[in-house]
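# Working through the structure, step by step
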Amino acid sequence: MLKQILITYDLNAAGQNYAKLVDAIRSLGNCKRILQSVWVLKTDLDCNTVRNRLKTATDANDFIFVCEFDRWSSFMAEESNAFLLGRSAAG
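Throughout what follows, the structure given in this document is the object of discussion. Residues take numbers from 1 onward in each chain, read along the sequence in its written order. With pLDDT at 70 or above as the cut-off, local features in this predicted model cover only qualifying residues; side-chain atom pairs require 80 or more to be listed or tallied, and sums for whole chains, interfaces and linings still use all residues. Computation of side-chain values: all heavy atoms of the structure, hydrogens and water removed.

### Some points on the nonpolar core
With 17 residues, the main nonpolar core has Ile-7, Ile-25, Val-50 and Leu-54 as its most contacted residues. Only DSSP runs of H or I with at least four residues qualify as helices, and only runs of E with at least two residues qualify as strands; both kinds are numbered from the N terminus onward. Counting residues per element, the ones that place at least two in this core are strand E1 (3-10), helix H1 (18-26), strand E3 (38-43) and helix H2 (47-55). Top element by residues in this core is H1. It accounts for four residues. When near neighbours in sequence (up to four residues on either side) are disregarded, Ile-25 contacts Ile-7, Tyr-9, Cys-31, Trp-39 and Leu-54. Buried Ala, Val, Leu, Ile, Met, Phe, Trp, Tyr and Cys residues that are joined via side-chain atoms within 4.5 Å together make up what is termed a nonpolar core. Type-normalised accessible area, obtained with a 1.4 Å probe on protein chains alone, sets the label of each residue: buried when under 20%, exposed when over 50%, and partly exposed for intermediate values. A contact between two residues is defined here by any heavy atoms of the two lying within 4.5 Å.

As structure tokens, then:
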């Protein structure tokens, strides 16, 4: 079973290249942006591997937080909830 990995970040310099980090996140596999700077990745990779791969897409003054989770409570878009639950959003 794949793990659900939460990825969140702060890019701390003006004019940051978010596209580079977003591309790096997407390159890791099945993922979804659930909030502005929060992604969920479904993967068999561990948190340290995810962090290390994303670190190459950031500057030294940026922050990344990565954790594995299996429980949550939310109030957000149905498509984000559906992704977390492993089902398609109602159309």
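### Structural notes on the packing of aromatic side chains
By convention, a stacked pair of Phe, Tyr or Trp rings (six-membered ring in the case of Trp) has centres within 6.5 Å and planes under 30 degrees apart, an edge-to-face pair has planes over 60 apart, and any other such pair is tilted. Applying the stated criterion to the full structure yields two aromatic pairs. Geometrically, the ring pair formed by Tyr-9 and Tyr-18 is tilted, given 6.4 Å between the ring centres and 50 degrees between the ring planes. For Tyr-9, a relative accessible area of 4% gives the class buried. By relative accessible area, Tyr-18 is classed as partly exposed at 40%. Aromatic side chains Phe-69 and Trp-72 sit 5.9 Å apart centroid to centroid with 90 degrees between the ring planes, which places their arrangement in the edge-to-face category. Classification of Phe-69 as buried rests on a relative accessible area of 17%. Note on Trp-72: relative accessible area 33%, which makes it partly exposed. The criterion is that NZ of a Lys, or CZ of an Arg, lies within 6 Å of the ring centre and within 35 degrees of the ring normal, and then a charge sits over that ring. If you follow Lys-42 out to its NZ or CZ, it ends over the ring of Phe-83, 4.6 Å from the centre.

### Here we look at the environment of Leu-2
Structurally, Leu-2 can be placed in the segment before E1. When sequence neighbours within four positions are dropped, the list of residues in contact with Leu-2 reads Lys-42, Thr-43 and Asp-44.

### Some details on the side chain of Thr-58
Residue placement: Thr-58 occurs in the loop between H2 and strand E4 (63-69). Relative accessible area serves as the criterion here: at 14%, Thr-58 is assigned to the buried category.

### So, the layout of surface pockets
Here the idea is plain: a probe the size of a water molecule rolls over the atoms and shows the empty space left. Each pocket or cavity is described by its volume, and for the largest pocket that value is around 190 Å³. Whether a set of points on the 1 Å grid over the protein atoms alone is a cavity depends on a 1.4 Å probe fitting there but being unable to get out, while an open set qualifies as a pocket with protein on both sides within 12 Å along at least five of seven lines; lining residues are those with an atom within 4 Å of a point. As for the largest pocket, its lining consists of Met-1, Leu-2, Lys-3, Gln-4, Lys-42, Glu-68, Phe-69, Asp-70, Trp-72 and Leu-84. Breaking the lining of the largest pocket down by element, the ones donating at least two residues are E1 and E4. Looking at side-chain class alone, the lining of the largest pocket contains five nonpolar, one polar and four charged residues. Grid points are joined across faces, edges and corners, and a volume is the space filled by probe spheres set on the points. For this classification, the nonpolar set comprises Ala, Val, Leu, Ile, Met, Phe, Trp, Tyr, Cys and Pro, the charged set comprises Asp, Glu, Lys and Arg, and every other residue, Gly included, is treated as polar.

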